[in-house]
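# Fold and contact review
Next come the chains, spelled out residue by residue.
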Amino acid sequence: MNLFVTAAGTDMNGIAARFGAPPGSLWPSVLLVLVAPLGNLLHVPILFDVYLIFGSTAAMLALMMAGMPTAVLAAITAGAVTGFLWSHPYVLINGILEVLVVGFLHRHWRQNLIIASMLYWLVFGIPFIAFCYYYQLGNEATTTGLIVLKQSLNGVLNAILATLIFIAVQAISGNRASPSNTPKLAVTDTVFITLVLGIAIAGTTPIAIEGHRDQDVQESFVSQRLNQQADLLAERLQRNARQNRIPLDQYLRQSQTSPDLGLAILDQQGEPLARQGSVKSLGLNGGTTMPREDGLSLWLPDDARHALQRWQAGAYNVRHPVHDTPGIAEVILELPAAPLVERIRTNQLRLLVCLFAIVMCGTVAAWFLSALLTRPLVKLTKHSQDLTHRITTGQRPQLPGSLFREYNNLASTLNDVSGALGEAFQSLSETRDALAQRVDDQTREITNTSILLDSVLNAATEVSIIATDTDGIITIFNRGAEQMLGYSASQMVGRCTPTLIHDPQEMQLRGQELSDQLGRPVAGFDVFTARTADGHADIHDWTYIHRDGRRFPVSLIVTAIIDGEGKTTGYVGVALDISERKRMDKLKDEFISTVSHELRTPLTSISGSLSLLLNETVGKIPPALKPMLTIADKNATRLIHLVNDLLDLQKIASGKMEFQITPHPLDQLLSEAVEQNRPYGQERRVSIDLEPCATDITVNVDRERLLQVMANLLSNAIKFSSEDAAVEVRANVNPATGNVTVEVEDHGCGIPSQFHSRVFQRFAQADASDTRSKGGTGLGLAITRELVERMGGQVSFHSEEGRGSTFRVVLPLSSAPQSTVATPVQAISGRASVDSSTEEPPERPLVLHVEDDQDLHSVIRTATAHRFELIWAANLEEAREHVQNLNFQLIILDIGLPDGSGWQLLPDMSLHQPEAHIVILSGKSLDSNQLDQVEATFTKSQTSMDVLVTSLEACLEQRPKLESDRRSD
């Protein structure tokens, strides 16, 4: 059982470390050295002339907290003061010897401090004190015994007190007084100290009480004896005064009952009249009288002797007044104190022996009892030291049992807990191994994936892949980016942002565009990532700038990098050099432009010529020739439709088809669509029935595109209806959705179910024979769906084979109703009969036809021969000459001319022909700004000759301004 409270060896700084002071601080050590002598000045009496002093308490405390040197210094200061004040010359030697021996036992033999102190006094201290005081100082045996017992008890009690103070300091300071490597107080020591403290208090208290009680009894006996003798003497003196006078000495001799009893008679001045025996208090040397109880006083001589020696040389006396006796004031009776002191010391020796036996035996008993009580816990602690090893190695630990029920239950519980922990640890180990294997596998997989990703990134040499963090700093710059831009990854990663490779002006324009769309400022790196906030990719064409300054177009796809928690951690941009695609697009646009002009112009000439022949505008034709002309006209029309559909698809796919979305009255649009397609229905002997529609319904659409959609749906319905059947057109408004549904229903053969999924595909027809028997390119419904969706609508159908089909177009309603406007003259393909017998007016309007194709001019001249006087100009130069020299009512203008664009003539026309109507007849598509500059526009191959002639006449007759046929190539 060891009370380890210090790890300081001979270092004076030990105590500083214990109390949290910085190394090198000596003030705590100095404090203990200074407190030690004060402890010896403070004394607590337990018996008469037996005091407990506390100098060695400071020395023991210094031994525990600061180390041996400080403890020795404390013992020296305390011993010096005691030797000086109490005249004990050997106290200094004993104090130093006690510190050395107790410190050695405590530190090297690892003995409990209290047990070490007890061992010191039993083995060294008592023999040393007895020798010094008995042989060297010549004290008697009783005195020596008292001194030996008192100092040994004092030493052991001071060790107990020092231990308690140290524990209190640790508790108050929260263990700051001890370093982390200092052993802490054990449970065994705590039990031991508690038992020793209880034994010391329980033994010392009754002994101290008994010692004081014994002194009181002895003095009470002396007081009683002296008072009785004094009463007898005073009574005799009073009788003597009334009777014969007898000498005072005789009275004193008669009253002296023992030789040690001293008597004296005093007069009123306190002078002795007679004396018998020794009366020290009346001596010439003076002294000090101390009053006691019951009139008893203790006289002590005034000298430098020890208090015990003065008490032994002193005397107890009683002063008794004498009344009614002339010349006599009082009598004094006195007994020497030495016999009483001897009796008290004898009793005190007996009490000290009892107390010594109680403390020493109690300490030993406490040591054994504490060991017995805590042995099961110690064994449990010892066995638990390898508990972790046993649990981790899968062994089931067996902790020792005990006779004590609580310890035994604790051991049993710990056994169960240890077993459960062992099983859990085994399971955990297996899980950990499995997890480690999974981690290894996943690490290997991640490594392989990383290698594969690096390989993919490096292999993508034709694609630039650049990743950034959320601040735009580049984190990945693949080999394709290096080759495309001329920078190395080391130059870009962690240093630059993608803004380095972009055109600042282009970024500013894109930022303004996004700011308008998103309703917030967009600038800098945000122009690339602003549209990725909702999880979608931002696809946009940009201009990259090579390191050498070369610029080239790219298609850039930017997406956000999202982690497992849904948080954006960066962005990745994949760019493809589209220089070749741009070049091909330019070539394709040039090709389409050429096709629009070079193919539509001859087709218009062919179709117009055939129309004139079939209408016998140029004269009667033989009956045998008319079927051939009809076949030629029909196939020319099919070819025109195919070219127009192909050009429309190309415009839609390239995003170059313009849509003018404005509110329009739905009833007028449907009526116009039905009227435009009614001639085709009459040709097929199919009627078109339009159910009445509310006049206040307006839709947000492009007027010409919707008419094109309705023409496709109506022509299909007519084409696949049987003769004498009817095609029904109706409109249903759904206010809840803000849409209107237009339905076109036929009662024809229907669409086979296996073909439903391909109805809106390009070149799709239910039966290839339909192309021959019904006509058509298989592009009409594909174009219809594209046009409807571009206008914000939807198209669908329902069909039952053998019962007909219903196509539905859902269109968005306009928020504000529109006023009814006059339906303008349309320039669309179709046939209206031209009355060839119309008489030529007396004055034909002069019309300038600017067209580089002479055949088309000839066809138009023939068709208008009886209506207009047509002047031909094949190029800009001829046209300018005619414009400057002649006065035209109407000018028909082609855009694509050999020496320039027809738009170049507009300034000349405005200057020289301000009143002339300008009509565009061209194979090129026009934008909205160009359409606003002319009276009307017509697209070659999309306008029949009859409609063209009728529209030109209407223009000359000051009809409402013509709307253009704004369907693109």
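What you see is a predicted model; the values in this text were computed from it and never measured.

### Focus: empty space enclosed by the protein
By rolling a water-sized probe across the atoms, one finds the places where empty space is left. Following the criterion strictly, the structure yields 5 cavities of 30 Å³ or more and no others. The calculated volume of the largest cavity comes to roughly 130 Å³. What lines the largest cavity is a set of 14 residues, and nearest its centre among them are Ile-466, Pro-498, Leu-556, Val-558 and Gly-573. Elements with a contribution of two residues or more to the lining of the largest cavity: β9 (463-469), α17 (526-529), β12 (551-562) and β13 (568-577). For the lining of the largest cavity, the leading source of residues is β13, giving 3 residues. Of the residues in the lining of the largest cavity, the class split is 10 nonpolar, 4 polar and no charged.

### A short note on the sheet that holds strand β17 (residues 726-734)
Read across the open sheet, the 5 strands follow the order β15-β17-β18-β20-β19; overall the sheet is mixed. Where the open sheet ends on each side, the last strands, each with one partner, are β15 (687-690) and β19 (794-800). Direction aside, neighbouring strands of the sheet carry axes that sit 15 degrees apart on average. Packed on one face of the sheet, helix α21 (residues 666-684) meets β15, β17 and β18 (739-745) and runs near 175 degrees to β15.

### So, the packing of aromatic side chains
One pass over the structure, following the stated rule, counts 10 aromatic pairs. Members of the aromatic cluster, joined through ring pairs, are Phe-525, Phe-528, Trp-542 and Tyr-571.

### Brief notes about the sheet that holds strand β11 (residues 538-545)
Where strands meet in a sheet, backbone hydrogen bonds hold them as pairs that are either parallel or antiparallel. Here 5 strands make up an open sheet; going across it, the order is β10-β9-β13-β12-β11 and the pairing antiparallel. Strands with a single pairing partner mark the edges of an open sheet, and in this sheet they are β10 (474-477) and β11. Shown here is a sheet whose adjacent strand axes are inclined to one another by a mean of 30 degrees, direction ignored. Across 3 bridges, the pairing between β9 and β10 is antiparallel. Residue pairing for β10: Ala-467 is matched across the bridge by Ile-476.

### A look at the pairing of strand β4 (residues 272-276)
Here strand β3 (residues 262-266) pairs with β4 via 4 bridges, running antiparallel. Its bridge partner lying in β4, Ile-265 is registered against Ala-274. Between β3 and the antiparallel strand that follows it, β4, lie 5 residues; Gly-270 among them carries a positive phi value of about 80 degrees.

### A few points about the confidence of the model for the chain
On average, residues of the chain carry a pLDDT of 77, and 81% of them reach 70 or more. Note on residues 177-183: pLDDT is under 50 here. Beyond four places in sequence and across chains, it has 13 contacts. Segment residues 768-772: pLDDT under 50, and 6 contacts once partners within four positions in sequence are set aside and those in other chains are kept.

### Quick notes on the packing of helix α25 (residues 854-863) against helix α29 (residues 945-956)
As a packed pair, α25 and α29 sit with axes 10 Å apart at the nearest point and diverge in direction by 65 degrees. The interaxial crossing formed by α25 with α29 has right-handed handedness. Residues Val-859, Ile-860 and Ala-863 of α25 form the contact with α29, whose own contacting residues are Met-945, Leu-948 and Val-949. Residues belonging to the contact of α25 with α29 are distributed by class as follows: 6 nonpolar, no polar and no charged.

### Considerations on α29
Between its first and last C-alpha, α29 extends 17 Å over 12 residues, near the 16 Å set by a 1.5 Å rise per residue. Counting buried residues along α29, 9 of its 12 residues qualify, which places the element largely inside the surrounding structure. Residues Met-945, Asp-946, Val-947, Leu-948, Val-949, Ser-951, Leu-952, Ala-954 and Cys-955 constitute the buried set of α29.

### Some remarks on a nonpolar patch on the surface
On the surface, a nonpolar cluster with roughly 310 Å² of combined accessible area is contributed by Trp-27, Leu-31 and Val-35. Mapped onto the elements of the fold, Val-35 is located in helix α2 (residues 27-41). Given the relative accessible area of 37%, Val-35 is considered partly exposed.

### A closer look at the pattern of salt bridges
Applying the stated criterion to the full structure yields 23 salt bridges. Asp-441 is the salt-bridge partner of Arg-444, the closest N and O atoms lying 3.0 Å from each other. With Arg-444 and Asp-441 both in helix α13 (residues 405-459) and 3 residues apart, the pair spans about one turn of that helix. Residue class for Arg-444 comes out partly exposed when judged on its relative accessible area of 45%. Since its relative accessible area comes to 33%, Asp-441 is described here as partly exposed. Linking Asp-908 and Arg-880 is a salt bridge whose minimum nitrogen-to-oxygen distance equals 3.3 Å.

### A short note on the side chain of Asp-503
Its place among the elements puts Asp-503 in the loop between α15 (489-492) and α16 (504-518). What Asp-503 contacts, discounting residues up to four positions off in sequence, is Thr-543, Ile-545 and Arg-551.

### Comments concerning the environment of Lys-150
With respect to the helices and strands, the residue Lys-150 is situated in helix α7 (residues 141-173). Aside from chain neighbours lying at most four places away, what touches Lys-150 is Val-50, Tyr-51 and Ile-53.

### Observations regarding the environment of Gln-682
Tracing the backbone shows Gln-682 in helix α21. A sequence separation of 42 residues divides Gln-682 from Asp-724, and the C-alpha atoms of the two residues are 9.6 Å apart.

Conventions we followed
- Residues numbered from 1 in each chain as written.
- Predicted model: local features only at pLDDT ≥ 70, side-chain atom pairs only at ≥ 80, totals over all residues.
- Heavy atoms only, no water.
- 1 Å grid on protein atoms, 1.4 Å probe; cavity = no way out; pocket = protein on both sides within 12 Å on 5 of 7 lines; lining within 4 Å.
- Points joined across faces, edges and corners; volume = space filled by probe spheres on them.
- Helix = DSSP H or I, 4+ residues; strand = E, 2+ residues; numbered from the N terminus.
- Nonpolar A, V, L, I, M, F, W, Y, C, P; charged D, E, K, R; others polar.
- Pairing = 2+ DSSP bridges.
- Axes fitted to C-alpha atoms, helices over the stretch in contact; angles between N-to-C directions.
- Contact = heavy atoms within 4.5 Å.
- Phe/Tyr/Trp six-rings, centres within 6.5 Å; stacked < 30°, edge-to-face > 60°.
- pLDDT = per-residue confidence, 0-100.
- Left-handed = near helix turned anticlockwise from the far one by under 90°.
- Expected span 1.5 Å × (residues − 1).
- Buried < 20%, exposed > 50% of the residue type's maximum accessible area, 1.4 Å probe, protein only.
- Patch = residues over 30% accessible without salt bridge, like charges linked within 9 Å, V, L, I, M, F, W, Y side chains within 5 Å.
- Areas by Shrake-Rupley, 256 points an atom, 1.4 Å probe, with all protein chains shown as cover.
- Salt bridge = Lys/Arg side-chain N within 4 Å of Asp/Glu carboxyl O.

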